[in-house]
Amino acid sequence: MAYAITRTCCNDASCVSVCPVNCIHPTPEEPEFGSTDMLYIDPQACIDCGACADACPVDAVFPVDRLRGPDVVFGDLNRDWFRDHPNDHAWGAPSFPRSLPGGLGTLRIAVVGTGPSAGYTAQELLRCTSAEITMIDRLPVTGGLLRHGVAPDHQSTKRIAESFASVFHDPRLRMHLNLDVGTDVTHEELAAHHHAVVYAVGAAADRRLGVPGEDLPGSLPATSFVRWYNADPTVPADTVELSAERVVVVGNGNVAVDIARILLTDLDRLAVTDIADHALAALSRSRVREVVLLARRGPGQAAWTAPEFLALRRLPGVELVVEDHPQVRAAIEAAAPDSRAALLAGLPLVRTDEGVEPGPGRRIVLRFLSTPVELTGADGRVGGLTVERTRLTEDGEPEGTTGEREALRAGLVVRSIGHRGVPLPGLPFDERTGTVARRGGRVVDPATGRALPGAYVVGWAKRGPSGGIGANRACARETVDALLDDAVARLLPEPPAGRAEFERLVRRRRPDAVGLKELRAVDRAERERGAAQGRPRVKLATVAELLAAGRRR
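Scope of this entry: the structure provided in the associated data block. What you see is a predicted model; the values in this text were computed from it and never measured.

Moving on: the overall build of the protein chain. Of regular secondary structure, the protein chain possesses 19 helices and 25 strands. For 553 residues, the compact-globule estimate of 2.2 N^0.38 gives 24 Å, and the protein chain sits close to it at 24 Å. Referenced to the eigenvectors of the C-alpha coordinate spread, the extents of the protein chain come out at roughly 70 × 60 × 55 Å. Counting the 553 residues in the protein chain, one finds 54% classified as buried. Roughly 23600 Å² of accessible area belongs to the protein chain as shown, and the carbon and sulfur atoms make up 50% of that amount. Each charge class in the protein chain can be summarised by its mean position, and for the 67 positive and 72 negative side chains these summaries are 5 Å apart.

In structure tokens, the structure reads:
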């Protein structure tokens, strides 16, 4: 019986590299890699060896005959993908790990960030060079997106962090947490102690709606909401107020789907996860019964991935409906079998009146062709928003609005319309793309196009907010290849100071900086708290708590 990949797929292609018959696609060498919802196993070519299941870092691969309940559909998804993407599974040209010629000495490389892109970068450097790595993070704990971005009910996805454990414990790697680059140390100071600096800082800001009322209390960016339920110590426990019965989430990508699911999931299902204690308490008091996912485009242009949406369809005790509209109905009826719109087939099409309080029960409303034009206030905070119907081209792209407006009543509005990078002190920034100015993995001066010697970028700070966790693996390899090419060409500046001098600088600037020993103590404390409650861990939610736990090592 063939194996199938399920909704927890991380797309980092660990399974591809171990498959003896090359039946898992798209591979990192194929054009579609990074753009599909997940990877797929061809049931006709699979030899049932199980190597992919053993290699999968997130336990997403199972024999088709062992799939049960809602996961049965993934056997069909894997099979059907190859119906539309026939492949002879021929091997491409072999590739070999990079290595550096002798005589270059030991490279010292700083990696700013500790999320997935930073982890893959350090992993690649440690595997193919003798480099000494310095990892830096502004927070006193590692993880980045894995800790503060992945939804708490996706515990299997978080297991990919275990693959980075050996990286963080490598004797050639030193860790300096609770150290902010740009405030505590500058790029120039990093460059003075390292041959190269790789920035893996993500895309920390949200895109704005640009409408009146957007800054009212009760209007939040998705990043704040997600970090709130994931115990990010920079987000206060009282950031989210759940006293209203309806929440509107502007956007329908995976983050919007996560927010809707967390708001309406049964509390007992969340109580066994690593969700923040303050979020669990707020959700226990929550009055939210309806979440509206608002999109300006049509069903065919929905931004969610199929696995995440299928999970939403099977949320216990929650009704999923589509707001009825002639163009929406037509799009669903005419949808191709593998399209986003086809996923809506069979869902109730209902007339809604979001100008009044929601009815009994819990439900998620998918509302398309609706553009927010104003957030309105009530008692000093958000009380609703006004939307205008979108006019679409024949290709389904928005081309303005129709003038038809409607008021939606809501006590909380979350904008989930994309992320954007923020400028980093000492580095050029591309305002148009919201990324560090770069060419490939090299940071460049946008005025001249010349690379800044020894400066590199990886992850969302490099390519923008696209691709999931696993996409960072190929991205990191490209950046490391550029760095190593420059090392071989002797283009990396020789730093005047070394590792010991940098550690003295850190102790002088940030006496409370956190190292590996303190990080281990935090991990033990959180796991012990979790074990006492039958949870994987109970996160410490403030900087003070994290630092105190680190000192109790």
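Attention now moves to the packing of helix 9 (residues 222-229) against helix 10 (residues 254-264). Axis angle and axis distance: for two packed helices, these are the angle between their axes and the distance between the axes, and together they describe the pair. The interhelical angle for the contact between helix 9 and helix 10, taken along N-to-C directions, is 45°, at an axis separation of 11 Å. Here helix 9 lies oblique to helix 10, going by the angle between them. Every pair of crossing elements has a handedness; the one defined by helix 9 and helix 10 is left-handed. On helix 10, the residues touching A222, F225, V226 and Y229 of helix 9 are V255, D258, I259, I262 and L263. Grouping the amino acids of the contact of helix 9 with helix 10 by side-chain chemistry returns eight nonpolar, no polar and one charged.

Before going further, it helps to examine the sheet that holds strand 17 (residues 381-392). Either a parallel or an antiparallel arrangement is found when strands of a sheet pair, and the pairing is made through backbone hydrogen bonds. Reading across from one edge, 16-17-18 is the order of the three strands in this open sheet, with antiparallel pairing throughout. Strand pairing shows two members of the sheet lacking a second neighbour, strand 16 (370-378) and strand 18 (398-409), which therefore form its edges. Here the strands of the sheet are splayed against their neighbours by 25° on average, with no regard to which way each runs. With eight bridges joining them, strand 16 and strand 17 adopt antiparallel strand pairing. Looking at strand 17, one finds that P372 is bridged to V387.

Attention shifts here to the sheet that holds strand 5 (residues 108-112). Strand order in the open sheet formed by seven strands is 7-6-5-8-25-24-23, and the pairing between neighbours is mixed. Edge positions in the sheet fall to strand 7 (173-177) and strand 23 (438-439), since each of these pairs with one other strand and no more. Sheet analysis places strand 23 next to strand 24 (residues 442-444), joined by two bridges and oriented antiparallel. Each bridged residue has a counterpart across the sheet, and for R439 the counterpart in strand 24 is R442. Relative to strand 7, helix 17 (residues 499-509) is tilted by about 15°, and along the sheet it contacts strand 5, strand 6 (132-137) and strand 7.

The next thing to look at is the environment of S416. Along the chain, the position of S416 falls in the loop between strand 19 (412-415) and strand 20 (419-420). The buried category is assigned to S416, whose relative accessible area is 12%. Sequence-distant contacts of S416, defined by excluding residues within four places in its chain, comprise A222, V249, V250, G251, V255 and A256. Side-chain polar atoms of S416 contact the backbone nitrogen of A256, separated by 3.5 Å.

A word on the nonpolar core. Within the largest apolar cluster, 69 residues are counted, with the highest numbers of intra-cluster contacts made by I5, I24, L39, I41, I109, I133 and L483. When near neighbours in sequence (up to four residues on either side) are disregarded, I41 contacts Y3, A4, I5, C23, I24, C46, C52, V61, N78 and F82. Judged by nonpolar contacts, the second largest core, of 54 residues, contains L283, I332, L369 and V414.

Right, let's get into helix 16 (residues 471-488). Between the first and last C-alpha of helix 16 there are 26 Å, a value that for 18 residues agrees with the 26 Å anticipated at 1.5 Å per step. Directly after helix 16, the chain includes R490, whose backbone phi takes a positive value near 55°.

Okay, the packing of aromatic side chains next. Ring pairs (aromatic) are described by centroid distance and by the angle formed between their planes. Tallied over the entire structure, the rule returns seven aromatic pairs. Aromatic side chains W81 and F82 sit 5.1 Å apart centroid to centroid with 85° between the ring planes, which places their arrangement in the edge-to-face category. Assigned by exposure class, W81 and F82 land together as buried. Taken together, Y40, W81 and F82 form an aromatic cluster joined through their ring pairs.

What counts as what
- One numbering rule holds for all chains: residues counted from 1, following each sequence as written.
- This being a predicted model, a pLDDT of at least 70 is required before a residue's local features are given, and a value of 80 or more before pairs of side-chain atoms are given or counted; all residues contribute to the totals for chains, interfaces and linings.
- Side-chain figures throughout are based on the complete set of non-hydrogen atoms in the structure, without hydrogens or water.
- Only DSSP runs of H or I covering at least 4 residues are called helices, and only runs of E covering at least 2 are called strands; the numbering of each starts at the N terminus.
- The reference for a compact globule is 2.2 Å times residues^0.38; the radius of gyration itself is calculated from the C-alpha atoms.
- Throughout, exposure labels follow a simple rule: accessible area from a 1.4 Å probe, protein chains only, divided by the maximum for the residue type, with under 20% read as buried, over 50% as exposed, and the rest as partly exposed.
- Surface accessibility in these figures is a Shrake-Rupley result with a 1.4 Å probe; residues are shielded only by whichever protein chains are displayed.
- Two residue types count as positive, namely Lys and Arg, and two as negative, namely Asp and Glu; His and chain ends fall outside the count.
- Where a charge lies is defined by one atom per residue type: Lys uses NZ, Arg uses CZ, Asp uses CG and Glu uses CD.
- Convention adopted: a line fitted to C-alpha atoms gives each axis, helices being fitted over their contacting stretch, and angles between N-to-C directions are expressed from 0 to 180 degrees.
- Angle categories: roughly parallel below 35 degrees, roughly antiparallel above 145, roughly perpendicular from 65 to 115, and oblique for all the rest.
- With the far helix as reference, a near helix turned anticlockwise by less than a right angle produces a left-handed crossing, and one turned clockwise produces a right-handed crossing.
- Two residues qualify as a contact provided that any one of their heavy atoms is within 4.5 Å of a heavy atom in the partner residue.
- Classification convention: Asp, Glu, Lys, Arg as charged; Ala, Val, Leu, Ile, Met, Phe, Trp, Tyr, Cys, Pro as nonpolar; all other residues, Gly among them, as polar.
- DSSP bridges decide pairing: two strands pair if at least two such bridges lie between them.
- Two N or O atoms form a polar contact when they lie within 3.5 Å of each other; inside protein one atom must be a possible hydrogen donor and the other a possible acceptor, and for residues adjacent in sequence the pair counts only when both atoms belong to side chains.
- As used here, the term nonpolar core means buried Ala, Val, Leu, Ile, Met, Phe, Trp, Tyr and Cys residues forming a set that is joined through side-chain atoms within 4.5 Å.
- Residue count minus one, scaled by 1.5 Å, sets the expected span of a helix.
- Between the rings of Phe, Tyr and Trp (Trp by its six-membered ring), a pair exists once the centres lie within 6.5 Å; its type follows the angle of the planes, with under 30 degrees stacked, over 60 edge-to-face, and the other angles tilted.

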